[in-house]
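Breakdown of the fold
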Amino acid sequence: MKEFSIQSVDKSLQAAIQEKIDNLNKPKGSLGRLEELAMQVCLVQQTLDPSTAHPCHLLLGGDHGIEREGVSISPREVTWQQMLNFTRGGGGVNMFCRQHGFHLRIVDVGVDYDLSGVEGIIDRKIARGTKNFLYEPAMSEEEFDRAIQVGVDLVDDCISEGCRVLSIGEMGIANTSPSSIWMHLFGNIPLEECIGAGAGLDTPGIRHKYEVLSKAVDNYHPSPITQHPTPNTPHLTPLRYFGGFEMIAAIGAMLRAAEQHLVVLVDGFIMTACAIGAIRLYPAVQDYMIFTHCGDESGHQRMLDIVHARPLLHLGLRLGEGTGALCAFPIVDSAVRMMNEMNNFDNAKITKYF
């Protein structure tokens, strides 16, 4: 696996940033969470004049071998059908990207369908879906490394266009299954409490999903080191054994974005699972993440609790695609505009009263 150079944010500017925030013409602390976000973005970008220029959204598609076990109400063909729908601008992700000015990249990392040559889809296919992790690892070491590199390359493309804020979404039927297992293994939470309805399973369906995933975990037999992966042991980790190509690419994108001091907007159950995977590899990556939304999936709040994250929104979304991150972007943008556009007491000739 590619090694990354990710350091915790340099806090040498913290006092200067706080002084600027406190001298804006407002009561001290009166803009609440926006002030916290402003501090975080300034520290990530190492500036008192932060930017949300050229926000980019990666929509990563991939299929999962575990879908063959009936763990999702949606059949796998929905993955490629939705990918085509996205190219026509008809998805939720398209609407929100248009609304908030995001450059959308639709990427086939592992969809079980020939999408080569489809206009509007970037072809980075590693294979036509992962293997069935009920019986074997979802991907090989080489495939894992390739998926990480896909995420790296996509972020580099965004950076070349001036991107300062990155959000990531996914399209992959059955990807709540590996997410639930990662939650179980990384959070030490009983598996049954990590499994929900996904795209709409009923109670018997949820029970069947639990039985399948429980057997898969039993078959995995992790050694102690695999519970806490490091960048030097990716071949031993649950990331490779259970993950999807789109999920590992998302982890690669998060790591590269942090390495290059981009703000990373994290949304949803699947992307939170990917964020936890990235944090397990490089703990400092969390400094660059803003957790934007807590959805309706069972256990999503508990997953956020694993990394002590406070989401900006609770809208009950469970669409995926990164839509919660896109909805939260205006809040982040408001924090940045506060730093750049609000006057201070001296310039406004207002008596500073605290």
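Residues numbered from 1 in each chain as written. Predicted model: local features only at pLDDT ≥ 70, side-chain atom pairs only at ≥ 80, totals over all residues. Heavy atoms only, no water.

A complete count under the given rule lists 7 aromatic pairs for this structure. By the ring-pair criterion, three or more aromatic residues cluster together here, those being Phe133, Tyr220, Tyr241 and Phe242. Of note, lysine 2 hangs over the ring of phenylalanine 4, and the distance from its end group to the ring centre comes to 5.3 Å. (Phe/Tyr/Trp six-rings, centres within 6.5 Å; stacked < 30°, edge-to-face > 60°. Lys NZ or Arg CZ within 6 Å of the ring centre and 35° of its normal.)

Here the focus is the environment of glycine 299. Tracing the chain through its elements places glycine 299 in the loop between strand 6 (289-293) and helix 11 (300-306). The exposure class assigned to glycine 299 is buried, which follows from its relative accessible area of 16%. Sequence separation between glycine 299 and glutamine 14 is 285 residues, and the spatial gap between their C-alpha atoms is 34 Å. Dropping the residues within four chain positions of it, glycine 299 is found in contact with Met183, Glu193 and Phe269. (Helix = DSSP H or I, 4+ residues; strand = E, 2+ residues; numbered from the N terminus. Buried < 20%, exposed > 50% of the residue type's maximum accessible area, 1.4 Å probe, protein only. Contact = heavy atoms within 4.5 Å.)

This paragraph deals with the nonpolar core. Counting 123 residues, the largest nonpolar core has Leu166, Trp182, Phe242, Ile251 and Met289 as the members making the most contacts within it. It is helix 9 (residues 245-259) that provides the largest number of residues to this core, a total of 11 residues. Other than its neighbours up to four places away in sequence, tryptophan 182 contacts Gly187, Pro238, Leu239, Phe242, Gly243, Met247, Ile248, Ile251, Ala273 and Cys274. (Core = buried A, V, L, I, M, F, W, Y, C linked by side-chain atoms within 4.5 Å.)

Moving on: the pairing of strand 2 (residues 103-110). Summarising burial for strand 2: 7 of the 8 residues are buried, a large majority. As paired strands, strand 1 (residues 56-62) and strand 2 are joined by 7 bridges and run parallel to one another. Of the residues in strand 2, the one forming a bridge with leucine 59 is isoleucine 106. (Pairing = 2+ DSSP bridges.)

One pass over the structure, following the stated rule, counts 19 salt bridges. Note that arginine 310 is salt-bridged to glutamate 36, the shortest N-O span being 2.3 Å. On the criterion of sequence distance, the pair formed by arginine 310 in the loop between helix 11 and helix 12 (323-341) and glutamate 36 in helix 2 (residues 32-45) is long-range, its members being 274 residues apart. Residue glutamate 36 is classed as partly exposed on the basis of its relative accessible area, which comes to 41%. Taking the shortest distance from any N to any O, the salt bridge between aspartate 333 and arginine 337 comes out at 2.8 Å. Pair noted here: aspartate 333 and arginine 337 are both in helix 12, with a separation of 4 residues, about one helical turn. Exposure remark for aspartate 333: the relative accessible area of 14% places this residue in the buried category. You can call arginine 337 partly exposed: its relative accessible area is 43%. Ionic contacts of the salt-bridge type, sharing partners, join the residues Glu67, Arg68, Arg76, Asp112 and Arg128 into one network. (Salt bridge = Lys/Arg side-chain N within 4 Å of Asp/Glu carboxyl O.)

In this section: the sheet that holds strand 3 (residues 121-123). Sheet architecture is open: 6 strands sit in the order 3-2-1-4-5-6, paired in parallel fashion. The outermost strands of the open sheet, each flanked by one partner alone, are strand 3 and strand 6. Taken over all neighbouring pairs, the strand axes of this sheet differ in orientation by 30 degrees on average, direction set aside. Seen against the sheet, helix 5 (residues 141-160) touches strand 1, strand 2, strand 3 and strand 4 (165-171) and runs at an angle of roughly 155 degrees to strand 1. (Axes fitted to C-alpha atoms, helices over the stretch in contact; angles between N-to-C directions.)

Now for the environment of valine 266. With respect to the element layout, valine 266 can be found in strand 5 (residues 263-267). For the pair valine 266 and cysteine 158, spaced 108 residues apart in sequence, the C-alpha to C-alpha distance is 17 Å.

On the secondary structure map, arginine 240 appears in helix 8 (residues 238-242). Despite its burial, arginine 240 remains without a salt bridge, the nearest opposite charge being carried by glutamate 141 at 5.1 Å. Within polar-contact distance, the side chain of arginine 240 engages the backbone oxygen of methionine 139 at 2.7 Å. (Lys, Arg positive; Asp, Glu negative; His and termini not counted. Polar contact = N/O pair within 3.5 Å; in protein donor to acceptor, adjacent residues only side chain to side chain.)

On to helix 12, then. Here helix 12 spans 27 Å end to end across 19 residues, near enough to the 27 Å set by a 1.5 Å rise per residue. Within helix 12, the axis deviates most sharply at phenylalanine 329, by approximately 35 degrees, and proline proline 330 lies no more than four positions further along. All buried positions along helix 12 are accounted for by Thr323, Gly324, Ala325, Leu326, Ala328, Phe329, Val332, Asp333, Ala335, Val336, Met338 and Met339. (Expected span 1.5 Å × (residues − 1). Bend = angle between axes of the 7 residues up to and from the residue.)

Inspection of the secondary structure puts glutamine 260 in the loop between helix 9 and strand 5. Through-space distance from the C-alpha of glutamine 260 to that of tyrosine 288 is 9.9 Å; in sequence the pair is 28 residues apart.

In short, the description is geometric, and any link to function would need to be established separately.
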